[in-house]
Amino acid sequence: MTKQARYTATVKQIFSAYIDGIIDNEELIQKLREIEMQLMSDQDSEDEETEATKGLWIRFFEGDTEGLTIQEIENDLSNQEHPNYKILRHGIAIGLADDELEVHYD
């Protein structure tokens, strides 16, 4: 697990814009994928043997031991009627309010 402090501020801004209704689910996921591509590019330049299975994941608050991948975030936010939608939005809000959101890549 590698914490990516360099990208954390940007991801916090993206999630803040999402929570504030400035961007929608689709734009949120698009921006997260762009950051993931940049991380992949950064890793490729540092490590010639980057595995294809590596990816970006977000830890929203302290004690969040597993975090969520972009795909999991997309799935959870795709259905506003599903309980995971409300749980994730609440987790995002807590992570932002408590300044605990972290970006990881591995």
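Predicted model only: the values in this text are computed from it and were never measured.

To continue, consider the overall build of the chain. Of the regular secondary structure elements, the chain holds 4 helices and 3 strands. Reading the helices (α) and strands (β) of the chain from amino to carboxyl end gives α-α-β-β-α-α-β. For the chain, whose C-alpha radius of gyration is 14 Å, the value lies close to the compact-globule estimate of 13 Å for 106 residues. With the C-alpha coordinates of the chain rotated into their principal frame, the extents come out at 45 × 25 × 25 Å. By residue count, 38% of the 106 residues in the chain fall in the buried class. The contacts of the chain with a sequence gap of at least 6 include a subset with a gap of at least 24, amounting to 68%. Accessible surface, the chain as shown: approximately 6,500 Å² in total, 45% of it carbon and sulfur. Averaging the locations of the 9 positively and 25 negatively charged side chains of the chain gives two centres separated by 5 Å.

In contact at an axis separation of 10 Å, helix H1 (residues 5-19) and helix H4 (residues 83-97) are set at 125 degrees when each is read in the N-to-C sense. Compared by their axis directions, H1 and H4 come out oblique. Here H1 and H4 pass one another in a crossing that is left-handed. Contact residues: H1 offers Lys12, Phe15, Ser16, Tyr18 and Ile19, while H4 offers Tyr85, Arg89, Ile92 and Leu96. Along the lines of polarity and charge, the residues of the contact of H1 with H4 split into 6 nonpolar, 1 polar and 2 charged.

Buried within helix H3 (residues 70-77) we find Ile70, Ile73, Asp76 and Leu77. Take H3 and look down its axis: the buried residues cluster within an arc of 130 degrees, on one side only.

Before going further, it helps to examine the confidence of the model for the chain. Considering every residue of the chain, the mean pLDDT works out to 89; 91% of them sit at 70 or more. For the chain, per-element mean pLDDT is lowest for helix H2 (residues 25-46), which scores 88, and highest for H3, which scores 97.

About the cut-offs
Residues numbered from 1 in each chain as written. Predicted model: local features only at pLDDT ≥ 70, side-chain atom pairs only at ≥ 80, totals over all residues. Heavy atoms only, no water. Helix = DSSP H or I, 4+ residues; strand = E, 2+ residues; numbered from the N terminus. Rg over C-alpha atoms; globule rule 2.2 N^0.38 Å. Buried < 20%, exposed > 50% of the residue type's maximum accessible area, 1.4 Å probe, protein only. Contact = heavy atoms within 4.5 Å. Areas by Shrake-Rupley, 256 points an atom, 1.4 Å probe, with all protein chains shown as cover. Lys, Arg positive; Asp, Glu negative; His and termini not counted. Charge placed at Lys NZ, Arg CZ, Asp CG, Glu CD. Axes fitted to C-alpha atoms, helices over the stretch in contact; angles between N-to-C directions. Parallel < 35°, antiparallel > 145°, perpendicular 65-115°, else oblique. Left-handed = near helix turned anticlockwise from the far one by under 90°. Nonpolar A, V, L, I, M, F, W, Y, C, P; charged D, E, K, R; others polar. Arc of directions from axis to C-beta. pLDDT = per-residue confidence, 0-100.

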